[in-house]
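So the chains spell out like this:
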Amino acid sequence: MSAPASSLSSVPSHGDAAASEWRLPIEGMTCASCVRRVENALAKVPGVLGVSVNLATEEATVQADSAAVLPAAAEAVTAAGYAVPRQEIELSVHDMTCASCVTRVEKALRAVPGVVDAQVNLATERAHVATLGAPDADALIAAVSRAGYAAQPVTEAEAPGPAIGRDFWSGPWGVAVPAALSLPLVVPMVLGWLGVDWMMPAVWQWLLATPVQFIFGWRFYRAGWKALRAGAGNMDLLVALGTSAAYGLSLWQMWQMWHSGGMGQGGAHGHAGVHLYFESAAVVITLVRLGKWLEYRAKRQTADAIRALAALRPDSARVRRGGTETVVPLAQVRVGDDVVVLPGERIPVDAQVLEGDSHADESMLTGESLPVPKHAGDRVTGGSINGEGRLIVRTAAIGAQTVLARIIRMVEHAQAAKAPIQRLVDRVSAVFVPVVLLIALATLLGWGLAAGDWQAALLNAVAVMVIACPCALGLATPTAIIAGTGAGARAGILIKDAEALEVAHRVNVVAFDKTGTLTVGQPEMVALLCADADGDRALATLAALQSGSEHPLARAVLRAAQARGIDAPPAAEVRALPGRGIAGRVDGVSWSLGSERLRAELQAALDGAASSLAGEASRLQQEGRTVSWLIDTDARRVAALVAFGDAIKPGAREAVARLHAAGVRTVMLSGDSQGAAARVAADVGIDDVQAEVLPDDKAARVAALRRDGAVVAMVGDGINDAPALAAADVGIAMSTGTDVAMHAAGITLMRGDPSLVADALAVSRRTVRKIRQNLFWAFAYNVVGIPLAALGLLSPVFAGAAMAFSSVSVVTNALLLRRWRPEGRIGEAS
């Protein structure tokens, strides 16, 4: 029996005092030879001192001097042909303030035994952790706590995004009160700019500044101390050090004034030229708190798309059991239950319609604005809104298996993931705070030793520490990714990972599958050519012969007749002609419908009025059409030619035209004949056609395109497209296709509309543009601000304001992505 995945653990080793034993779950072993293979593979891993594999418990006990060997051990097991199960857990992490915090939390999580990857997102305050075996939530939370932060597992019902106003101190009152206390300290400074000399007694300055410094500023001391204990620095440490220096300098000046007997003479900053800087400390703390509060509000807006999707889940469902209808909590609905959905209600589950006719508004799921007709046998999606009719549906999926739940998971995964460009930010933030502290120390010593003005030296050093807070740096990328993926989700474009989002903006070749991607994927009657002029009569005869058949070509005939309002007359003696067609009597006349082979067997000549049909049949066959003949069996006369083909999707031409307008080359990879593929390519405007491509060869064709230096996106919908989707730089799958294709792709289009391909590239380009803009401004604030502060050209108050503004401006810039609409052209600027 398989051991539980939670068996991943560490126990003391008796063989080596310096080593520990790690139990690793293994999947796929069946016999003693498997055990030997796994043991041999693990023994070759550097750092492994001993190994023992137990077939019964499906565990490997690895002796090693460090948990750092576990990822390499897992890779060795995989290379040997077995699997080490990986699981994922998401944590909500509190008290992070900047990019340095993100780096430290990730480092702490990755140090936990069994963790193979950890990605922390500052904008959502979430940590996504992948582990070997079941995750040990307590160990992960303890690691985060040791790093100086708080964490807890994320529940499914928990709203995405950071928490705002969890208590008095982090809500709006936590900004309003210190602002009210700081305002009197700022008034004398403003009046001084206007030429009015008014001074506040030093004791009053101290009384106003102290609560701001130690009550509303306590969070900076607490978080800064935790960071210091963990051997690192962050924004809180910079703010705490900077404001404490200004506050401490003011206390020193007050003490000097008290000893000199000047306390009673007061003044805005003391007396006789003595300057107090309580206002600098208080205002900086107030501005930073204001900036963080505005930032929290803006960050939550970036997650609006996820919250809107989560809000689509109804709380209850009306279930029909034993002939009665009962409203029950959604959690009590089971697969197979019959659910009644009244007009205007939200459909609670994924289901199939049993009774009723209506329309469903699926715009929040697919981006399609028009209601979709729903009849018996059609599938409905949980979260969509029922229209005018009463429906009875049979539950097909609930909970995490519903389409809505999968969409939410996909978008959350993309928003939590890091784009490759974020690695640069991570490297910078790892050394940012120590470098800033060195620059502040150099500023202090430089001004103090060179000018002898230690008071100015200290203030300039404070300004350096305040302006350099790396908040904007940590928010630049994740906020843009959240806003971009949210905008895409609203348009029916689901971006599965941040890497696909970043790579898609560089795509210059799009390879399309044909069937089901550019075409509808089902046969349609595309031509009906008659030997005489009565086309409606011929179509009625065709519909009569096919009325009882489920063959795809028969359904195409019936759809064509229905579209032209033609009722099929009754048919008699209908019989299938295996491999050739069908025969029967309509209106007393014997008719046959079938292939060229059937026409030859019946010796129905193409002469007289039917002579022109031979050339048309040849032309249609060269275009890849399927040609059938309607024959008057008694007279052995060809009455009509009917041709079937796969209709082109309405958005296909627009999609290709938009890609060409953006400078993107288009290619078709199809398994169909050259004629069929060339016809579709010509109709939609595809640049290059590669026909008769076997499914196994599609991936090789995509790889060949990439070898030419192109960045390739592959668009497909079938199982046979999955290897090509995985081989491309970006795989784009139609949700109307198979689950296999969607799993292999980085982007899924919720509607089978090819024009969404251009929209997907558009939202990628907009998002990457926002990321670059944000990173530019985040770096620019520091590149410009730090030298100005070090040169004494920036006071601590203005440094605090600039630092707060930098974070808010970066998040606000990312929020502009929410205005993106899929109607825009790819090259539009934002």
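A quick note: this is a predicted structure, and the numbers were derived from the prediction, not measured. (Residues numbered from 1 in each chain as written. Predicted model: local features only at pLDDT ≥ 70, side-chain atom pairs only at ≥ 80, totals over all residues. Heavy atoms only, no water.)

So, about the packing of helix α14 (residues 454-467) against helix α26 (residues 755-790). Direction vectors running N to C along α14 and α26 enclose 170°, while the axes themselves pass 8 Å from each other. For the element pair α14 / α26, the angle class is roughly antiparallel. Counting all contacts with α14, which are made through N460, A463, V464 and I467, the residues of α26 involved are Y781, N782, G785, I786, A789 and A790. Considered class by class, the residues forming the contact of α14 with α26 number seven nonpolar, three polar and no charged. (Axes fitted to C-alpha atoms, helices over the stretch in contact; angles between N-to-C directions. Helix = DSSP H or I, 4+ residues; strand = E, 2+ residues; numbered from the N terminus. Parallel < 35°, antiparallel > 145°, perpendicular 65-115°, else oblique. Contact = heavy atoms within 4.5 Å. Nonpolar A, V, L, I, M, F, W, Y, C, P; charged D, E, K, R; others polar.)

This part covers the packing of aromatic side chains. Taken as a whole and assessed by the stated rule, the structure comprises six aromatic pairs. On the numbers, 5.4 Å between centres and 70° between planes, the contact of Y247 with F278 is edge-to-face. Taken as a pair, Y247 in helix α8 (residues 235-260) and F278 in helix α9 (residues 278-302) lie far apart in primary sequence, 31 residues in all. No difference in accessibility class separates Y247 from F278, as the two residues are buried. Ring geometry for F776 against W777: centres 5.2 Å apart, planes inclined by 75°, an arrangement best described as edge-to-face. For F776, a relative accessible area of 51% puts it in the exposed group. (Phe/Tyr/Trp six-rings, centres within 6.5 Å; stacked < 30°, edge-to-face > 60°. Buried < 20%, exposed > 50% of the residue type's maximum accessible area, 1.4 Å probe, protein only.)

The positions that UniProt labels "transmembrane region" (unreviewed entry) are, in the present scheme, residues 173-196, 202-221, 233-252, 272-291, 428-450, 456-476, 774-791 and 797-817. Helix makes up 95% of residues 202-221 and strand 0%, with an end-to-end C-alpha separation of 24 Å. The span residues 774-791 shows a helical share of 94% and a strand share of 0%, and its end C-alpha atoms are spaced 26 Å apart. (UniProt positions renumbered as here; feature names shortened; annotations may be inferred.)

This part covers the pairing of strand β25 (residues 637-648). Walk down a regular strand and you will see the side chains alternate between the two sheet faces. Taken across its 12 residues, β25 has 10 buried, putting it largely inside the fold. In the sheet, strand β20 (residues 519-530) pairs with β25 via eight bridges, with the strands oriented antiparallel. From the neighbouring strand, T519 faces β25, where its bridge partner is I648. Sheet topology places strand β24 (residues 626-632) next to β25; seven bridges connect them, and they run antiparallel. Bridged to L630 within β25 is A640. Between the antiparallel neighbours β24 and β25 lie four residues, among them R636 with a positive phi of about 50°. (Pairing = 2+ DSSP bridges.)

It is worth spelling out the sheet that holds strand β17 (residues 391-397) at this point. Pairing is antiparallel in the open sheet, where six strands are placed in the order β10-β9-β11-β17-β12-β15. The open sheet terminates on both sides in strands that have one partner only, identified here as β10 (324-329) and β15 (379-380). In terms of strand pairing, strand β9 (residues 316-321) meets β10 through six bridges, oriented antiparallel. From the neighbouring strand, R321 faces β10, where its bridge partner is T324.

Time to look at the side chain of S628. Along the chain, S628 turns up in strand β24. Judged by its relative accessible area of 11%, S628 is buried. Contact partners of S628, with chain neighbours within four places excluded, come to L593, G594, A640, L641, V642 and F644.

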